[in-house]
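Next come the chains, spelled out residue by residue.
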Amino acid sequence: MTEATVRDAYAERAPEYISLFGSVDKADEQDQRFIAHWAKSLLGPVVDVGCGPGHWTAFLTSLGADAEGVDIVPAFVQAAKARFPGTLFRVASFTDLGIHDGHIGGILAWYSLIHLRTEDLQSALGELGRCIAPGGTLLTGFFEGTDGEAFPHAVTTAYLRSTDGMAARLARAGFEVLDEHTRTDPGRRPHAAMTARRKA
């Protein structure tokens, strides 16, 4: 999957995606609590990478975080700016987030890494790590399963990740895993979330 393929696939279905998923109220309450708990620990600005409709970015802002949302899909960014005028949004890529080294306190990558091929995921985690200050944290959510296995996501091809595989990649990118959570809800693919701290 190339970045352009993912961008174009989401751009084509942006209105539908915003309608279905563009509200925190539609997210699992466990995820809301988990992200809110993480937000309380942030020291410095936070960037919601792959923010999509922008609802989690706005959620972080509502909790008092200095939050910004970035996404490769211009339609998502345009809609997020209109829907959440009190929060900052801009177009940016996993390959270049446009952030100075060690400038931010944390990154939320909530299901935004799922379309990256295994060979591209490590590079993306390296870019996230470059941006986070030592002691800052990354929170990522993903579909848990056989590491690297592709599946037909509703928008475009996505990939499962094992918690062991993700933990190993985070370690190679300079992170220390703090905690992980997994669950399987009826009728849904298994879910995993990890919090990791950027090492000095």
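Above: the structure in question.
Everything quoted here is computed from the prediction, not taken from an experiment. The numbers attached to residues start from 1 for each chain and follow its sequence in the written order. Given that this is a predicted model, residues contribute local features only at a pLDDT of at least 70 and side-chain atom pairs are listed and counted only at 80 or more, while totals for whole chains, interfaces and linings are drawn from all residues. Note that water and hydrogens are dropped before the side-chain values are worked out from all heavy atoms of the structure.

K.L.:
Can you help me understand the packing of helix H3 (residues 29-39) against helix H4 (residues 55-62) in this one?
P.N.:
In a packed pair of helices, the relevant descriptors are the angle between the two axes and the axis-to-axis distance. What counts as an axis is a line fitted to C-alpha atoms, over the stretch in contact for a helix, and the angles between N-to-C directions run from 0 to 180 degrees. We count a stretch as a helix when DSSP gives it H or I for four or more residues in a row; a strand needs E for two or more, and each element gets its number in order from the N terminus. The N-to-C vectors of H3 and H4 enclose an angle of 50 degrees; their axes lie 10 Å apart at closest approach. Comparing their axes, H4 and H3 come out oblique. By crossing handedness, the relation of H3 to H4 is classed as right-handed. Where H3 approaches H4, its residues Asp-31, Gln-32, Ile-35, Ala-36, Trp-38 and Ala-39 are matched on the opposing element by Trp-56, Phe-59 and Leu-60. Residue polarity is assigned by list, with Asp, Glu, Lys and Arg as charged and Ala, Val, Leu, Ile, Met, Phe, Trp, Tyr, Cys and Pro as nonpolar; anything else, Gly included, falls into the polar class. Residues that form the contact of H3 with H4 fall into these classes: seven nonpolar, one polar and one charged. Roughly parallel covers angles under 35 degrees, roughly antiparallel covers those over 145, roughly perpendicular covers 65 to 115, and oblique covers all other angles. Two helices crossing with the near one rotated counterclockwise from the far one by less than a right angle form a left-handed crossing, whereas a clockwise rotation gives a right-handed crossing. Working rule for contacts: check all heavy atoms of both residues, and any pair within 4.5 Å makes them a contact.

K.L.:
Whenever I open this one, the side chain of His-115 confuses me. Can you help?
P.N.:
Relative to the assigned elements, His-115 resides in the loop between strand E4 (104-110) and helix H6 (118-131). Engagement of the side chain of His-115 in a polar contact is seen with the side chain of Tyr-10, the distance being 2.7 Å. Two N or O atoms form a polar contact when they lie within 3.5 Å of each other; inside protein one atom must be a possible hydrogen donor and the other a possible acceptor, and for residues adjacent in sequence the pair counts only when both atoms belong to side chains.

K.L.:
I would appreciate a short explanation of the nonpolar core in the present structure.
P.N.:
Within soluble globular proteins, side chains that are nonpolar tend to cluster in buried spots. Core analysis: the biggest nonpolar cluster contains 32 residues, and Val-49, Leu-97, Ile-107, Leu-125, Leu-128, Leu-138 and Leu-170 have the highest contact counts within it. Put simply, the parts of the chain that give this core at least two residues each are strand E1 (46-49), E4, H6, strand E5 (132-143), helix H7 (163-172) and strand E9 (191-198). If you tally residues by element for this core, the top one is H6, at five residues. If you look at the next biggest cluster of nonpolar residues, it comprises 17 residues, including Val-24, Phe-34, Ile-35 and Ala-65. Here, nonpolar core refers to any group of buried Ala, Val, Leu, Ile, Met, Phe, Trp, Tyr and Cys residues whose side-chain atoms link them within 4.5 Å. Relative accessibility thresholds used throughout: buried, under 20% of the residue-type maximum; exposed, over 50%; partly exposed, between the two (1.4 Å probe, protein chains only).

K.L.:
What's the story with the sheet that holds strand E3 (residues 88-91) in this structure? I'm lost.
P.N.:
Each strand in a sheet pairs with its neighbour through backbone hydrogen bonds, running either in the same direction (parallel) or in the opposite one (antiparallel). Pairing between two strands requires that DSSP report at least two bridges joining them. Strand order in the open sheet made by the seven strands is E3-E2-E1-E4-E5-E9-E8, with mixed pairing throughout. Of all strands in the sheet, those with a lone pairing partner are E3 and strand E8 (175-183), marking the two edges. Strand-to-strand, the axes of this sheet are offset by a mean angle of 15 degrees, without reference to chain direction. Where E1 lies against strand E2 (residues 67-71), four bridges are found, and the strand directions are parallel. Note on E2: the bridge partner recorded for Val-46 is Ala-67. Running at roughly 170 degrees to E2, H4 makes contact with E1, E2, E3 and E4 of the sheet. With respect to the sheet, helix H5 (residues 74-83) is in contact with E2 and E3, its orientation differing from that of E3 by roughly 165 degrees.

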